[in-house]
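What follows is each chain in one-letter form.
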Amino acid sequence: MGQRFEVEPLDWETEFLPRFKDLWRPGEHVSIIAPTGEGKTVFAGGLIEACRKYALALDVKGGDSSLESFGFPRFEKWPGQKSAGELCARNDEEGRPSRYVVGNRARTHADLDKLVDTVNRCLWDAYEMGGWTIYADELLVLTDPRQPFDLRGTVDKILVAARDRGISFVGSYQQPSWVTPMAGRQASWVVVSRNRNIDVVNGLADILGRPKAEIRGAFKGLEKHHWLIAGRDASAPMMLTTPTYKPKVAP
Ligand SMILES: Nc1ncnc2c1ncn2[C@@H]1O[C@H](COP(=O)(O)OP(=O)(O)OP(=O)(O)O)[C@@H](O)[C@H]1O
Ligand SMILES: [Mg+2]
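Computed from a prediction, not measured in an experiment: that's the story for all the values here.

A. Fine view of the site of ligand 1. In the vicinity of ligand 1, 13 residues are found, and the nearest of them are T36, G39, T41, S66 and Y245. Top contributing element to the shell around ligand 1 by residue count: helix α2 (residues 40-51), with 3 residues. Considered class by class, the residues forming the shell around ligand 1 number 4 nonpolar, 7 polar and 2 charged.

Set out below in C-alpha coordinates:
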(Lines give C-alpha, C1' and ligand atoms only; values in the text may rest on other atoms or scores of the structure.)
(Ligands and ions follow the chains in the order given, each with its own letter.)
Protein backbone atom coordinates (compact mmCIF):
# COMPACT_ATOMS: atom_id res chain seq x y z
CA MET A 1 0.00 0.00 0.00
CA GLY A 2 1.33 3.43 -0.92
CA GLN A 3 2.11 5.80 1.92
CA ARG A 4 1.18 9.47 1.56
CA PHE A 5 3.96 11.94 2.32
CA GLU A 6 2.17 15.16 1.76
CA VAL A 7 4.29 18.20 2.46
CA GLU A 8 3.29 21.66 1.35
CA PRO A 9 6.17 24.12 0.77
CA LEU A 10 5.27 27.66 1.82
CA ASP A 11 7.16 30.92 1.59
CA TRP A 12 7.77 32.15 5.15
CA GLU A 13 6.60 35.77 4.87
CA THR A 14 3.97 35.68 2.17
CA GLU A 15 2.42 32.25 2.72
CA PHE A 16 3.32 30.53 5.97
CA LEU A 17 3.06 33.35 8.50
CA PRO A 18 -0.29 34.71 7.26
CA ARG A 19 -1.74 31.20 7.21
CA PHE A 20 -0.37 30.18 10.59
CA LYS A 21 -1.59 33.40 12.14
CA ASP A 22 -5.14 32.32 11.28
CA LEU A 23 -4.63 28.69 12.28
CA TRP A 24 -2.88 29.23 15.63
CA ARG A 25 -5.67 29.93 18.12
CA PRO A 26 -5.09 31.47 21.57
CA GLY A 27 -4.59 28.66 24.07
CA GLU A 28 -2.90 26.37 21.56
CA HIS A 29 0.64 25.29 22.41
CA VAL A 30 3.58 24.84 20.04
CA SER A 31 6.54 22.46 20.45
CA ILE A 32 9.71 23.20 18.48
CA ILE A 33 11.99 20.17 18.38
CA ALA A 34 15.49 20.24 16.86
CA PRO A 35 19.16 19.68 17.63
CA THR A 36 21.26 22.62 18.74
CA GLY A 37 22.01 25.28 16.15
CA GLU A 38 19.18 24.36 13.74
CA GLY A 39 17.44 27.66 14.35
CA LYS A 40 14.77 26.96 17.00
CA THR A 41 15.13 30.38 18.56
CA VAL A 42 15.11 32.16 15.21
CA PHE A 43 11.95 30.29 14.18
CA ALA A 44 10.18 31.04 17.46
CA GLY A 45 11.08 34.72 17.33
CA GLY A 46 9.75 35.21 13.81
CA LEU A 47 6.62 33.23 14.60
CA ILE A 48 5.80 35.17 17.74
CA GLU A 49 6.56 38.54 16.19
CA ALA A 50 4.17 37.83 13.31
CA CYS A 51 1.39 36.04 15.17
CA ARG A 52 1.20 37.35 18.74
CA LYS A 53 0.67 40.76 20.30
CA TYR A 54 1.33 39.76 23.93
CA ALA A 55 4.41 37.61 24.42
CA LEU A 56 6.98 36.80 27.08
CA ALA A 57 10.19 35.07 25.96
CA LEU A 58 11.95 33.55 28.95
CA ASP A 59 15.72 33.88 28.68
CA VAL A 60 16.62 30.87 30.78
CA LYS A 61 20.20 30.91 29.56
CA GLY A 62 20.69 34.34 31.15
CA GLY A 63 21.83 36.09 27.98
CA ASP A 64 21.01 34.18 24.78
CA SER A 65 22.30 36.19 21.82
CA SER A 66 19.63 34.73 19.48
CA LEU A 67 16.92 36.01 21.81
CA GLU A 68 18.63 39.39 21.75
CA SER A 69 18.15 39.54 17.98
CA PHE A 70 14.32 39.49 18.42
CA GLY A 71 14.61 43.15 19.34
CA PHE A 72 12.00 42.73 22.12
CA PRO A 73 12.62 45.02 25.11
CA ARG A 74 13.97 43.15 28.14
CA PHE A 75 12.59 42.89 31.67
CA GLU A 76 15.70 42.38 33.77
CA LYS A 77 13.28 42.13 36.68
CA TRP A 78 9.68 40.97 36.39
CA PRO A 79 7.61 44.12 37.09
CA GLY A 80 4.67 42.25 38.68
CA GLN A 81 1.12 41.72 37.48
CA LYS A 82 -0.19 45.22 38.04
CA SER A 83 2.65 47.07 36.29
CA ALA A 84 2.72 44.55 33.44
CA GLY A 85 -1.02 45.04 32.95
CA GLU A 86 -0.65 48.82 32.93
CA LEU A 87 2.21 48.62 30.48
CA CYS A 88 0.14 46.47 28.11
CA ALA A 89 -2.76 48.93 28.34
CA ARG A 90 -0.41 51.80 27.46
CA ASN A 91 1.08 49.81 24.57
CA ASP A 92 -2.43 49.05 23.30
CA GLU A 93 -3.34 52.73 23.40
CA GLU A 94 -0.22 53.68 21.50
CA GLY A 95 -0.58 50.86 18.99
CA ARG A 96 2.51 48.94 20.11
CA PRO A 97 2.78 45.20 20.73
CA SER A 98 3.62 43.96 24.22
CA ARG A 99 6.43 41.53 23.51
CA TYR A 100 9.28 41.17 25.98
CA VAL A 101 12.32 39.09 26.76
CA VAL A 102 12.28 38.21 30.47
CA GLY A 103 15.41 37.63 32.53
CA ASN A 104 18.65 39.25 33.60
CA ARG A 105 21.97 38.33 32.07
CA ALA A 106 23.48 35.85 34.52
CA ARG A 107 27.19 35.62 35.26
CA THR A 108 27.38 34.97 39.00
CA HIS A 109 25.47 32.74 41.42
CA ALA A 110 23.62 35.79 42.70
CA ASP A 111 22.57 36.66 39.11
CA LEU A 112 21.35 33.12 38.65
CA ASP A 113 19.24 33.29 41.83
CA LYS A 114 17.70 36.51 40.51
CA LEU A 115 17.01 34.91 37.15
CA VAL A 116 15.29 31.90 38.72
CA ASP A 117 13.13 34.20 40.83
CA THR A 118 12.26 36.47 37.89
CA VAL A 119 11.27 33.59 35.60
CA ASN A 120 9.27 31.89 38.35
CA ARG A 121 7.27 35.02 39.21
CA CYS A 122 6.76 35.84 35.55
CA LEU A 123 5.30 32.39 34.86
CA TRP A 124 2.85 32.52 37.76
CA ASP A 125 1.72 36.06 36.97
CA ALA A 126 1.36 35.30 33.27
CA TYR A 127 -0.74 32.28 34.20
CA GLU A 128 -3.02 34.34 36.41
CA MET A 129 -3.31 37.23 33.94
CA GLY A 130 -4.04 35.03 30.91
CA GLY A 131 -3.78 36.04 27.27
CA TRP A 132 0.01 35.77 27.03
CA THR A 133 2.07 33.65 24.70
CA ILE A 134 4.95 32.31 26.75
CA TYR A 135 8.08 31.21 24.95
CA ALA A 136 10.26 28.82 26.95
CA ASP A 137 13.47 28.70 25.02
CA GLU A 138 15.22 25.47 26.11
CA LEU A 139 12.44 23.71 27.97
CA LEU A 140 14.97 21.25 29.38
CA VAL A 141 16.81 23.99 31.28
CA LEU A 142 13.51 25.18 32.76
CA THR A 143 12.22 21.78 33.86
CA ASP A 144 15.25 19.61 34.63
CA PRO A 145 15.40 18.82 38.39
CA ARG A 146 19.22 19.00 38.18
CA GLN A 147 19.12 22.61 36.96
CA PRO A 148 18.38 25.60 39.20
CA PHE A 149 14.90 26.34 37.78
CA ASP A 150 13.32 22.92 38.36
CA LEU A 151 9.91 24.23 37.21
CA ARG A 152 8.39 21.10 35.77
CA GLY A 153 5.35 21.23 38.04
CA THR A 154 4.60 24.83 37.04
CA VAL A 155 5.18 24.13 33.36
CA ASP A 156 2.91 21.07 33.45
CA LYS A 157 0.19 23.10 35.13
CA ILE A 158 0.43 25.79 32.47
CA LEU A 159 0.47 23.23 29.65
CA VAL A 160 -2.63 21.47 30.94
CA ALA A 161 -4.70 24.30 32.41
CA ALA A 162 -3.71 27.38 30.43
CA ARG A 163 -5.93 26.77 27.42
CA ASP A 164 -8.94 28.22 29.23
CA ARG A 165 -6.93 31.36 29.92
CA GLY A 166 -5.94 31.93 26.30
CA ILE A 167 -2.32 31.23 27.12
CA SER A 168 -0.19 29.67 24.41
CA PHE A 169 3.00 27.98 25.49
CA VAL A 170 5.80 27.72 22.94
CA GLY A 171 8.53 25.34 24.10
CA SER A 172 11.73 24.47 22.29
CA TYR A 173 13.81 21.39 23.02
CA GLN A 174 16.15 18.90 21.43
CA GLN A 175 14.44 15.57 22.14
CA PRO A 176 10.91 14.64 23.25
CA SER A 177 12.32 12.13 25.74
CA TRP A 178 14.32 14.85 27.53
CA VAL A 179 11.38 16.96 28.65
CA THR A 180 8.01 16.55 30.33
CA PRO A 181 5.74 14.32 28.20
CA MET A 182 3.10 17.05 28.58
CA ALA A 183 5.05 19.22 26.14
CA GLY A 184 4.26 16.82 23.30
CA ARG A 185 0.89 15.63 24.56
CA GLN A 186 -0.53 19.12 25.02
CA ALA A 187 0.96 20.64 21.85
CA SER A 188 -1.50 21.54 19.11
CA TRP A 189 1.38 22.23 16.72
CA VAL A 190 4.73 20.54 16.38
CA VAL A 191 7.62 22.14 14.51
CA VAL A 192 10.59 19.92 13.56
CA SER A 193 13.80 20.11 11.59
CA ARG A 194 15.65 17.28 9.85
CA ASN A 195 16.54 14.58 12.32
CA ARG A 196 17.95 11.06 12.00
CA ASN A 197 17.70 10.18 15.67
CA ILE A 198 15.39 7.17 15.86
CA ASP A 199 14.07 8.17 19.30
CA VAL A 200 13.08 11.55 17.93
CA VAL A 201 11.39 10.04 14.87
CA ASN A 202 9.48 7.55 17.03
CA GLY A 203 8.61 10.21 19.59
CA LEU A 204 7.27 12.47 16.86
CA ALA A 205 5.22 9.73 15.25
CA ASP A 206 3.75 9.12 18.68
CA ILE A 207 3.01 12.79 19.41
CA LEU A 208 1.52 13.44 15.99
CA GLY A 209 -0.33 10.16 15.54
CA ARG A 210 1.31 9.71 12.14
CA PRO A 211 3.12 6.59 10.87
CA LYS A 212 6.89 6.49 11.50
CA ALA A 213 7.46 5.95 7.77
CA GLU A 214 5.63 9.18 7.03
CA ILE A 215 7.82 11.12 9.46
CA ARG A 216 11.00 9.55 8.05
CA GLY A 217 9.79 10.26 4.49
CA ALA A 218 8.98 13.86 5.29
CA PHE A 219 12.47 14.38 6.75
CA LYS A 220 14.12 13.22 3.51
CA GLY A 221 15.52 16.10 1.51
CA LEU A 222 15.18 18.60 4.34
CA GLU A 223 18.08 21.03 4.56
CA LYS A 224 19.46 23.07 7.42
CA HIS A 225 16.95 25.65 8.73
CA HIS A 226 14.06 23.88 6.94
CA TRP A 227 11.08 23.26 9.20
CA LEU A 228 8.11 20.94 9.04
CA ILE A 229 5.00 22.13 10.83
CA ALA A 230 2.33 19.59 11.72
CA GLY A 231 -0.96 19.97 13.51
CA ARG A 232 -3.23 17.47 15.22
CA ASP A 233 -5.09 16.60 12.03
CA ALA A 234 -2.97 13.66 10.89
CA SER A 235 -4.60 13.67 7.45
CA ALA A 236 -3.65 17.31 6.71
CA PRO A 237 -0.38 17.84 4.83
CA MET A 238 2.59 19.05 6.86
CA MET A 239 3.78 22.56 6.05
CA LEU A 240 7.39 23.19 5.06
CA THR A 241 9.06 26.57 5.42
CA THR A 242 12.33 28.39 6.20
CA PRO A 243 12.36 31.63 8.18
CA THR A 244 13.94 34.66 6.60
CA TYR A 245 16.96 35.20 8.82
CA LYS A 246 17.53 38.88 9.50
CA PRO A 247 20.07 39.39 12.27
CA LYS A 248 19.12 42.61 14.02
CA VAL A 249 21.97 44.92 14.86
CA ALA A 250 21.82 46.17 18.43
CA PRO A 251 21.10 49.93 18.51
N1 LIG B 1 16.27 30.41 8.77
C2 LIG B 1 17.59 30.62 8.87
N3 LIG B 1 18.31 30.98 7.79
C4 LIG B 1 19.64 31.18 7.88
N5 LIG B 1 20.34 31.04 9.01
C6 LIG B 1 19.69 30.69 10.12
C7 LIG B 1 18.27 30.45 10.11
N8 LIG B 1 17.90 30.09 11.35
C9 LIG B 1 19.01 30.10 12.10
N10 LIG B 1 20.09 30.45 11.37
C11 LIG B 1 21.49 30.52 11.85
O12 LIG B 1 21.71 29.52 12.81
C13 LIG B 1 22.13 30.09 14.04
C14 LIG B 1 21.49 29.34 15.19
O15 LIG B 1 20.12 29.64 15.26
P16 LIG B 1 19.34 29.52 16.64
O17 LIG B 1 20.08 30.19 17.72
O18 LIG B 1 17.95 29.94 16.39
O19 LIG B 1 19.42 27.94 16.85
P20 LIG B 1 18.89 27.08 18.08
O21 LIG B 1 18.33 25.83 17.52
O22 LIG B 1 18.01 27.92 18.93
O23 LIG B 1 20.25 26.76 18.80
P24 LIG B 1 20.56 26.52 20.36
O25 LIG B 1 20.26 25.10 20.62
O26 LIG B 1 22.02 26.84 20.42
O27 LIG B 1 19.71 27.46 21.15
C28 LIG B 1 21.71 31.57 13.95
O29 LIG B 1 22.54 32.40 14.70
C30 LIG B 1 21.84 31.83 12.49
O31 LIG B 1 23.17 32.16 12.19
MG1 LIG C 1 18.15 28.55 20.90
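B. Local environment of unusual backbone geometry. Here E138, not a glycine, exhibits a phi torsion of approximately 65°, which is positive. Relative to the elements of secondary structure, E138 occurs in the loop between β6 (133-136) and α6 (139-143). Within the chain, H225 stands out as a residue other than glycine whose phi angle is a positive 70°. Within the fold, H225 resides in the loop between α10 (212-219) and β9 (227-231).

C. Just the pairing of strand β8 (residues 187-192), in detail. Burial within β8 is extensive, with 5 of its 6 residues counted as buried. Where strand β2 (residues 29-33) lies against β8, 5 bridges are found, and the strand directions are parallel. Residue pairing across strands places S31 opposite V190, the latter belonging to β8. In terms of strand pairing, β8 meets β9 through 4 bridges, oriented antiparallel. Of the residues in β9, the one forming a bridge with V191 is I229.

D. Up close: the environment of E128. Along the chain, E128 falls in helix α5 (residues 109-129). Sequence-wise, E128 and I158 are 30 residues apart; in three dimensions their C-alpha atoms are separated by 10 Å.

E. Representation of the pairing of β2. For β2, the tally of buried residues reaches 5 of 5 residues, placing the bulk of the element in the interior. Neither face of β2 is left uncovered, since the one carrying H29, S31 and I33 and the one carrying V30 and I32 both have all their residues buried. Sheet topology note: the β2/strand β7 (residues 168-173) ladder contains 4 bridges and is parallel. Counterpart to I33 in the pairing with β7 is Y173.

F. Region of interest: the packing of helix α9 (residues 198-208) against α10. Running from N to C, α9 and α10 cross one another at 120°; their axes reach a closest spacing of 9 Å. The orientation of α9 relative to α10 falls into the category oblique. Between α9 and α10 lies a crossing of right-handed hand. Counting all contacts with α9, which are made through V201, N202, L204 and A205, the residues of α10 involved are K212, I215 and R216. Of the residues belonging to the contact of α9 with α10, the class tally is 4 nonpolar, 1 polar and 2 charged.

G. Structural detail: the nonpolar core. Grouped together as the largest cluster of nonpolar side chains are 68 residues, with contacts concentrated most on L56, A57, L58, I134, Y135 and V190. If one sorts the elements of this core by residue count, α5 sits on top with 6 residues. Leave out the neighbours within four places in its chain, and L58 touches V102, G103, V119, C122, I134, Y135, A136 and D137.

H. A look at helix α7 (residues 152-161). Of the residues making up α7, those classed as buried are V155, I158 and L159. All buried residues of α7 lie within an arc of 100° about the axis, which places them on one face of the element. Every exposed residue of α7 that faces more than 90 degrees away from the buried side is listed here: G153, V160 and A161. Buried positions along α7 lie against β2, α5, α6, β7 and α8 (181-185).

Definitions and cut-offs
Residues numbered from 1 in each chain as written. Chains lettered and ligands numbered in written order. Predicted model: local features only at pLDDT ≥ 70, side-chain atom pairs only at ≥ 80, totals over all residues. Near = placed C-beta within 6 Å. Helix = DSSP H or I, 4+ residues; strand = E, 2+ residues; numbered from the N terminus. Nonpolar A, V, L, I, M, F, W, Y, C, P; charged D, E, K, R; others polar. Buried ≥ 20, exposed ≤ 12 C-beta atoms within 10 Å, placed from the backbone. Pairing = 2+ DSSP bridges. Axes fitted to C-alpha atoms, helices over the stretch in contact; angles between N-to-C directions. Parallel < 35°, antiparallel > 145°, perpendicular 65-115°, else oblique. Left-handed = near helix turned anticlockwise from the far one by under 90°. Contact = placed C-beta atoms within 7 Å. Core = buried A, V, L, I, M, F, W, Y, C linked by C-beta atoms within 7 Å. Arc of directions from axis to C-beta.

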